[in-house]
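Overview (structure and organization)
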Amino acid sequence: MCRHAAWLGAPRPLSSLIHEPGHGLLRQSHAPRLQRYGTVNADGFGMGWYDASRAEPVRYRRTVPIWADANLTDLARVARSGCLLAAVRSATAGMPIEESATAPFADGPWLLSHNGRVAREAVRELAEDAESSCDSAWLAAAVFTRRRAGDPLGEALVEVVTHAGVKDPDARLNLLACDGRSIAATAWGDTLFLHLGDHPRDGVLVASEPLDDRPGWQAVPDRTLVLASADGVRVQPL
């Protein structure tokens, strides 16, 4: 459940993740091609981007289906950054449908989205508080707690995901996080894909499923960590 995507590279608009590609997040909200759990993502959407005038990222989150927001097309065309993250939501049964339960979650410069589900008791001990009572918010709070303690973003994701995976063997823990200069993602129980340019400076796309039919999309193996920065992309087992 849920679909998400991120970009790191030369500045581009959020529409490059949502409206412009043939299978962008707008299309994936109602007709995902590779989603293993659920059929539509109509329980809200969110996006985040970085602006040089702010120390923290800008977020826009709604609880309506992404196709129902009449203002989004124009906003996504002008919201431009070298680091973008967007998500559409299919809420886990029993979880609240509210903006505070909608990705991306944020803390300081960090943004995070979760594609999957996890028992809340599997992660509550890793964080003191969360923005919402939903499982994804507790995962985000756990990652942010470790990041504030000094863990690099990738290590924070690994620690939380491996802990939660032991506590809840049925968990699906695809996390996607960024800080304006780098992206970290995990594949754990659902699909994840990369699209790379010919050079690290050309940028990288990370997405639950390909945003278009161009050649070059690479499936990320399950139980894998992806780290992307201006220096390149690393893919390593968890």
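The text that follows walks through the structure, step by step, so that each part is easy to find. (Residues numbered from 1 in each chain as written. Predicted model: local features only at pLDDT ≥ 70, side-chain atom pairs only at ≥ 80, totals over all residues. Heavy atoms only, no water.)

This part is about the nonpolar core. Phe 105, Leu 112, Leu 157 and Leu 173 are the most contacted members of the largest nonpolar core, which totals 36 residues. Counting only elements with at least two residues in this core, the list comes to strand E6 (110-117), helix H4 (135-148), helix H5 (153-167), strand E7 (172-178) and strand E12 (224-229). Broken down by element, this core gets its largest block of residues, eight residues, from H4. The contact partners of Leu 112, leaving out residues within four places of it in the chain, are Ala 103, Pro 104, Phe 105, Ala 140, Val 143, Phe 144, Leu 157, Leu 175, Leu 176 and Ala 177. (Core = buried A, V, L, I, M, F, W, Y, C linked by side-chain atoms within 4.5 Å. Buried < 20%, exposed > 50% of the residue type's maximum accessible area, 1.4 Å probe, protein only. Helix = DSSP H or I, 4+ residues; strand = E, 2+ residues; numbered from the N terminus. Contact = heavy atoms within 4.5 Å.)

With 15 residues, H5 should reach 21 Å at 1.5 Å per residue; the first-to-last C-alpha distance of 22 Å fits that figure. Turning to H5, its buried residues number three or more, namely Leu 153, Gly 154, Ala 156, Leu 157, Val 160, Val 161, Ala 164 and Gly 165. Take H5 and look down its axis: the buried residues cluster within an arc of 160°, on one side only. Along H5, exposed side chains directed more than 90 degrees from the buried face belong to Val 166 and Lys 167. Buried residues in H5 make contact with E6, H4, E7, strand E8 (183-187) and E12. (Expected span 1.5 Å × (residues − 1). Arc of directions from axis to C-beta.)

A separate point is the sheet that holds E12. Pairing is antiparallel in the open sheet, where six strands are placed in the order E5-E6-E7-E8-E12-E13. Unpaired on one side and paired on the other, strand E5 (105-107) and strand E13 (232-237) mark the two borders of the sheet. If you compare each strand with its neighbour and ignore which way they point, the axes differ by 15° on average. Across six bridges, E12 lies against E13 in antiparallel orientation. (Pairing = 2+ DSSP bridges. Axes fitted to C-alpha atoms, helices over the stretch in contact; angles between N-to-C directions.)

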